[in-house]
Amino acid sequence: MTEIFHKLRDIRLLRYLLASVGALAVDVGCFLMLLAAGMLAAPASAIGYSAGILAHWLLSSRTVFTDTVAERGQERTKQKALFVMSALAGLALTTMIVGTADYWAFDPRPAKLIAIAASFTLTWLLRSRVVFKPAQ
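Description of the structure in this document. (Residues numbered from 1 in each chain as written. Predicted model: local features only at pLDDT ≥ 70, side-chain atom pairs only at ≥ 80, totals over all residues. Heavy atoms only, no water.)

Section: the environment of Leu59
With respect to the helices and strands, Leu59 occurs in helix H2 (residues 41–64). Distance in space between the C-alpha atoms of Leu59 and Asp27 is 14 Å, their sequence separation being 32 residues. (Helix = DSSP H or I, 4+ residues; strand = E, 2+ residues; numbered from the N terminus.)

Considerations on the pattern of salt bridges
Using the criterion set out here, one finds 3 salt bridges in the structure. The residue Arg12 makes a salt bridge to Asp67 at a minimum N-O spacing of 2.4 Å. Placement of Arg12 in helix H1 (residues 2–36) and of Asp67 in the loop between H2 and helix H3 (74–103) is noted, with a sequence separation of 55 residues between them. According to the relative accessible area criterion, Asp67 is exposed, its value standing at 55%. A salt bridge links Lys112 to Asp27; the shortest N-O distance between them is 2.9 Å. With Lys112 in helix H4 (residues 108–131) and Asp27 in helix H1, the pair connects residues that are 85 residues apart, well separated along the chain. (Salt bridge = Lys/Arg side-chain N within 4 Å of Asp/Glu carboxyl O. Buried < 20%, exposed > 50% of the residue type's maximum accessible area, 1.4 Å probe, protein only.)

Observations regarding the nonpolar core
Ranked by internal contacts, the top residues of the largest apolar core, which has 14 residues, are Tyr16, Ile53, Val64, Phe65, Phe83 and Phe132. Taken together, the elements giving at least two residues each to this core come down to H1, H2, H3 and H4. Per-element tally for this core: the top contributor is H2, with 4 residues. In contact with Ile53, other than residues within four places in its own chain, are Phe83 and Ala87. Ile97, Val98, Ala111 and Ala115 belong to the second-largest nonpolar core, a separate cluster that totals 6 residues. (Core = buried A, V, L, I, M, F, W, Y, C linked by side-chain atoms within 4.5 Å. Contact = heavy atoms within 4.5 Å.)

In structure tokens:
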């Protein structure tokens, strides 16, 4: 039984990784377009990340955590709020990393890559253990 659980967990992590890649495409695409348009790196990063939040909710709730998405109503609203809070934690971390790099005159694009890894780890932990925590 433990082996089956670990396989299912790995598949869920893989689905989350794929959902994250989709949301990341939205995030980075917005980020790069805004940088090209002359926007400062930190706000461009924040706007891109915010667009990615919406994409990630849609992908996560429909393809990753389908068995733990709350039914419509108060519990679903609470779950969405927790999801947004996890995203805001990732946004704060991303903005801090990219903004710090930009402040120190480092290229913000490599900083964005570091921020992606840090934010992925933080949001996976929050979402798998808090937001979409299975009922006990």
